[in-house]
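Summary of structural features
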Amino acid sequence: MAILGPALLMLSASAGPVPAVSLQFAMQTVEQRIIIRIPTRRTLRPRRRAPSGIVWREREAASCQPVSAIARARFTRPGVVDLLTHDRRLIRARLDSECVALGYYSAFYMVPGDDGQICASRDTIVSRAGNECAISGFHILEPRSGN
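This part takes up the side chain of Thr 85. Tracing the chain through its elements places Thr 85 in strand β5 (residues 80-85). Using a relative accessible area of 3% as the deciding quantity, one classes Thr 85 as buried. Side chain to side chain, Thr 85 and Asp 87 meet in a polar contact 2.3 Å long.

Side chains of a nonpolar character, in soluble globular proteins, are inclined to be buried together. With 21 residues, the main nonpolar core has Val 81, Leu 83, Phe 108, Met 110, Ile 135 and Phe 138 as its most contacted residues. The element that contributes the greatest number of residues to this core is strand β10 (residues 132-143), accounting for four residues.

This paragraph deals with the confidence of the model for the chain. In low-pLDDT segments, the atomic positions of the prediction should not be examined closely. Of all residues in the chain, 61% attain a pLDDT of 70 or more, and the chain-wide mean is 76. Mean pLDDT across the secondary structure elements of the chain bottoms out at helix α1 (residues 4-14), with 53, and peaks at strand β3 (residues 64-66), with 94. Between residues 43-50, whose pLDDT stays under 50, and residues either more than four places distant or in other chains, the model counts seven contacts.

Criteria and thresholds
Residues numbered from 1 in each chain as written. Predicted model: local features only at pLDDT ≥ 70, side-chain atom pairs only at ≥ 80, totals over all residues. Heavy atoms only, no water. Helix = DSSP H or I, 4+ residues; strand = E, 2+ residues; numbered from the N terminus. Buried < 20%, exposed > 50% of the residue type's maximum accessible area, 1.4 Å probe, protein only. Polar contact = N/O pair within 3.5 Å; in protein donor to acceptor, adjacent residues only side chain to side chain. Core = buried A, V, L, I, M, F, W, Y, C linked by side-chain atoms within 4.5 Å. pLDDT = per-residue confidence, 0-100. Contact = heavy atoms within 4.5 Å.

Here you go:
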């Protein structure tokens, strides 16, 4: 037994240095998600000023709208969000459900697709509490002429 120890020592010395094996692990996750916060104006409370008297007519709009065009939003009734664009157009987003929780906060979130648009039957409006409301369609609001 005593002879075996020095023999192993000589064998390992003659074989040269044992190369150190260094393993490196790296993990990288890249995820990009853009969330747009839309400021709102509440219209659920009665106003003190006189009503405008404008009667609005809805006509079909494209099923996708560019999120960058949206300036503000307002809640007129459950299940509907009116979007005011930077070029002063009024677009109504109809929701799949009433989504009452959207009206309780001063803003909501939209998560656009990779194309920078918010689309009906694809995207949702998310309240600040986390409730999601699916968009069923868009309509352009125009003042009705001639009452």
